[in-house]
Amino acid sequence: MNLLLFVSEITIPLLVFGVVAYGITNRQPVYEDFITGAKDGMKTVFGIMPTLIGLMIAVGILRASGFLGYLTNLLSCLIPDVVFPSELLPLSIVKLFSSSASTGLLLDIYKEYGADSVLGKMASIMMSSTETVFYTMSVYFMSVSIKKSRYTLAGAMVATIAGLIASIYFTKFI
Amino acid sequence: MNYLWAGMILVGVVYAAFHGTLPNVTTAALDSAKEAVTLCITMLGVMSFWMGLMKIAERAGMIAGFTKLLKPVLRFLFPNIPRDHIANEYLATNMVANIFGLGWAATPAGLKAMEELQKLNEERCKRYGTNRYRDYDMATKEMCDFLIINISSLQLVPVNIIAYRAQYGSVNPTEIMGPAIAATTVGTLAAIIFCKLVPNKGES
């Protein structure tokens, strides 16, 4: 039995069971709580909808114009595919700056290569294990007017690159 | 963001004009807009399910329980924050929320944590004076370490990614969870090792 696949299969059922069981044994109105939370969830989705439309249009235009394909070819000349798949390079770079823009590119990869293709899976894992470095840093530091961030960027890049390499490696197991 | 978005659109249209793909651009723009809406319908279901479940966890005190469990981990990561300081609370809440994919709960707690860390920094600056590693507008080791670990994004269930995969015809949308947990753990471990290797210069 493949351990990673096993984790994929059991995590959600286990969480669902655990949370509901814990709630009911603590005499919580679990159903009402669920409904309240679900409403929040809907609000969140409606909140991101305009952003998603805007960015998917932008990525759609880039893909249809042929520019995205051109960029991928260009990148694959610079960095051999053995090191890092060139199709995923724009995605990894954009993810450093903007989570919604990278979502647009991720969906484009699903459309081009399929969500269950090796590239699709790899992109999914990369997006799950990295964070928007520059955006997060600017939001958090600006909120307390810190101007000198010392080694934060270096550390964040180490973490991101480790996450990306691990993503490529672990994709092989499913 | 403004420049990124404008750039994508302008570059796309100009490139299309030179390569005779302008008609494709029109269809793509319209189709993408429609697609975004279909995607949101799938997302409505998945997100409502997830946030509903997390609401139960929150109300039943599970999230608070995990936050308490995180205390020893925080002592290891941030030994220079006084034991009973409120910053610990916010840091723990932020981490637990991130792990469970509750972005909306993570950010406010994270910002609160930064605020408290900045107060600690100001106290130190007043007490010991400023130097190359300590200043009012300079990040402390705690701030750097917190952000690096935060950015390494330890996450249990990538809810959004699962919803996207479901929408784009994946036979098994949750298949990526195991490897994703493994990869994000590697990232976070790398972050912690990095933070522990950077010597403490401005804190004492």
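All values derive from a computational prediction rather than experimental measurement.

Student: Lay out the overall build of chain B in plain terms, naming residues and giving numbers.
Tutor: Along chain B, the regular secondary structure elements total nine helices and zero strands. Tracing chain B from N to C terminus, the helices and strands come up as α-α-α-α-α-α-α-α-α. Over its C-alpha trace chain B gives a radius of gyration of 22 Å, far above what one expects of a compact globule, namely 17 Å for 204 residues. Its C-alpha atoms put chain B at 65 × 45 × 25 Å along the principal axes. Taking all contacts inside chain B whose residues are at least 6 apart in sequence as the whole, residues at least 24 apart take part in 62%. Here chain B has roughly 9,200 Å² of accessible surface; of this, 65% comes from carbon and sulfur atoms. Of note, chain B has its 18 positive side-chain charges centred 5 Å away from the centre of its 15 negative side-chain charges.

Student: Any details on the overall build of chain A? Residues and values, ideally.
Tutor: The secondary structure content of chain A amounts to eight helices and zero strands. The C-alpha radius of gyration of chain A comes to 20 Å, more than 25% above the 16 Å expected for a compact globule of 174 residues. Its C-alpha atoms give chain A principal-axis dimensions of about 60 × 50 × 35 Å. Across the 174 residues of chain A, 51% fall into the buried class. Within chain A, contacts between residues at least 6 apart in sequence are counted, and of these 59% link residues at least 24 apart. Summing over all exposed atoms, chain A offers an accessible surface of approximately 8,100 Å²; the carbon and sulfur share of this is 71%. Charge-centre separation for chain A: the mean point of 11 positive side chains lies 11 Å from the mean point of 10 negative side chains.

Student: Please give an account of the interface of chain B and chain A that cites residues and values.
Tutor: Listed as interface residues are 98 residues of chain B and, on the opposing side, 91 residues of chain A. Around 7,900 Å² of area is buried between chain B and chain A when both sides are counted, 77% of it from carbon and sulfur atoms. Three residues stand out in chain B for area buried against chain A, namely Met8(B), Ile56(B) and Ile151(B), and they jointly supply 9% of the buried area on that side. Our count for the contact surface shared by chain B and chain A stands at seven salt bridges. A salt bridge links Arg59(B) to Asp33(A), with the shortest nitrogen-to-oxygen separation between them at 2.6 Å. Our count for the chain B to chain A interface comes out at 19 residue pairs in polar contact (both at pLDDT 80 or more). Looking at the side of chain B that touches chain A, the elements that each hand over two or more residues are α1 (2–19), α2 (22–59), α6 (103–128), α7 (141–151), α8 (159–167) and α9 (177–197) of chain B. Broken down by element, the side of chain B that touches chain A gets its largest block of residues, 24 residues, from α2(B).

Student: Any chance you could break down a nonpolar patch on the surface for me, citing the residues and the numbers?
Tutor: Nonpolar side chains collect at one region of the surface, where Leu3(A), Phe6(A), Ile10(A) and Leu14(A) lie side by side and expose about 380 Å² of accessible area between them. Its place among the elements puts Leu3(A) in helix α1 (residues 3–25).

Student: Describe the layout of surface pockets, listing the residues and the values that go with them.
Tutor: Estimates place the volume of the largest pocket at around 1,500 Å³. Looking at the largest pocket, it is lined by 50 residues, and the ones nearest its centre are Ser99(A), Glu131(A), Thr132(A), Gly103(B) and Asn160(B). Tallied by class, the residues present in the lining of the largest pocket amount to 28 nonpolar, 20 polar and two charged. Residue contributions to the lining of the largest pocket reach at least three from each of two domains, namely domain 1 (1–47) and domain 2 (61–197) of chain B. Its boundaries defined by the atoms lining it, the second largest pocket holds a volume of some 230 Å³. For the second largest pocket, the lining is made up of 14 residues, of which Met95(B), Ile99(B), Ile149(B), Leu154(B) and Thr188(B) are closest to its centre. Mapped onto the lining of the second largest pocket, the elements with two or more residues apiece are α4 (71–77), α5 (86–99), α7 and α9 of chain B. Sort the elements by how many residues they give to the lining of the second largest pocket and α5(B) lands first, with four residues. Taken together, the residues of the lining of the second largest pocket sort by class into nine nonpolar, five polar and no charged.

Student: So, the pattern of salt bridges: which residues are in play, and what are the values?
Tutor: Applying the stated criterion to the full structure yields 17 salt bridges over all chains. Notably, a salt bridge pairs Asp116(A) with Arg165(B), separated by 3.1 Å at the nearest N-O pair. With Asp116(A) in the loop between α5 (99–113) and α6 (118–129) and Arg165(B) in helix α8, the pair connects residues from two separate chains. For Arg165(B), a relative accessible area of 0% translates into the label buried. One salt bridge in this structure joins Lys112(B) and Glu115(B), with 3.9 Å as the shortest N-O distance. Of the two residues, Lys112(B) and Glu115(B) both sit in helix α6, three residues apart, roughly one turn of that helix.

Student: Describe the domain arrangement of chain B, listing the residues and the values that go with them.
Tutor: Residue and element names in this part refer to chain B. Domain assignment breaks chain B into domain 1 (1–47) and domain 2 (61–197). Distance from the C-alpha centre of domain 1 to the C-alpha centre of domain 2: 34 Å. Between domain 1 and domain 2, the residue contacts involve seven residues of the former and seven residues of the latter. Roughly 650 Å² of surface becomes buried between domain 1 and domain 2 when both sides are summed, with 70% attributable to carbon and sulfur atoms. Linking domain 1 with domain 2 are zero salt bridges, by the criterion used here. Where domain 1 touches domain 2, the interface holds two residue pairs in polar contact (both at pLDDT 80 or more). A class-by-class count of the residues in the side of domain 1 that touches domain 2 yields four nonpolar, two polar and one charged.

Parameters and conventions
- Residues numbered from 1 in each chain as written.
- Chains lettered and ligands numbered in written order.
- Predicted model: local features only at pLDDT ≥ 70, side-chain atom pairs only at ≥ 80, totals over all residues.
- Heavy atoms only, no water.
- Helix = DSSP H or I, 4+ residues; strand = E, 2+ residues; numbered from the N terminus.
- Rg over C-alpha atoms; globule rule 2.2 N^0.38 Å.
- Contact = heavy atoms within 4.5 Å.
- Areas by Shrake-Rupley, 256 points an atom, 1.4 Å probe, with all protein chains shown as cover.
- Lys, Arg positive; Asp, Glu negative; His and termini not counted.
- Charge placed at Lys NZ, Arg CZ, Asp CG, Glu CD.
- Buried < 20%, exposed > 50% of the residue type's maximum accessible area, 1.4 Å probe, protein only.
- Buried area = accessible area lost by both parts, 1.4 Å probe.
- Salt bridge = Lys/Arg side-chain N within 4 Å of Asp/Glu carboxyl O.
- Polar contact = N/O pair within 3.5 Å; in protein donor to acceptor, adjacent residues only side chain to side chain.
- Patch = residues over 30% accessible without salt bridge, like charges linked within 9 Å, V, L, I, M, F, W, Y side chains within 5 Å.
- 1 Å grid on protein atoms, 1.4 Å probe; cavity = no way out; pocket = protein on both sides within 12 Å on 5 of 7 lines; lining within 4 Å.
- Points joined across faces, edges and corners; volume = space filled by probe spheres on them.
- Nonpolar A, V, L, I, M, F, W, Y, C, P; charged D, E, K, R; others polar.
- Domains from an automatic or database assignment.

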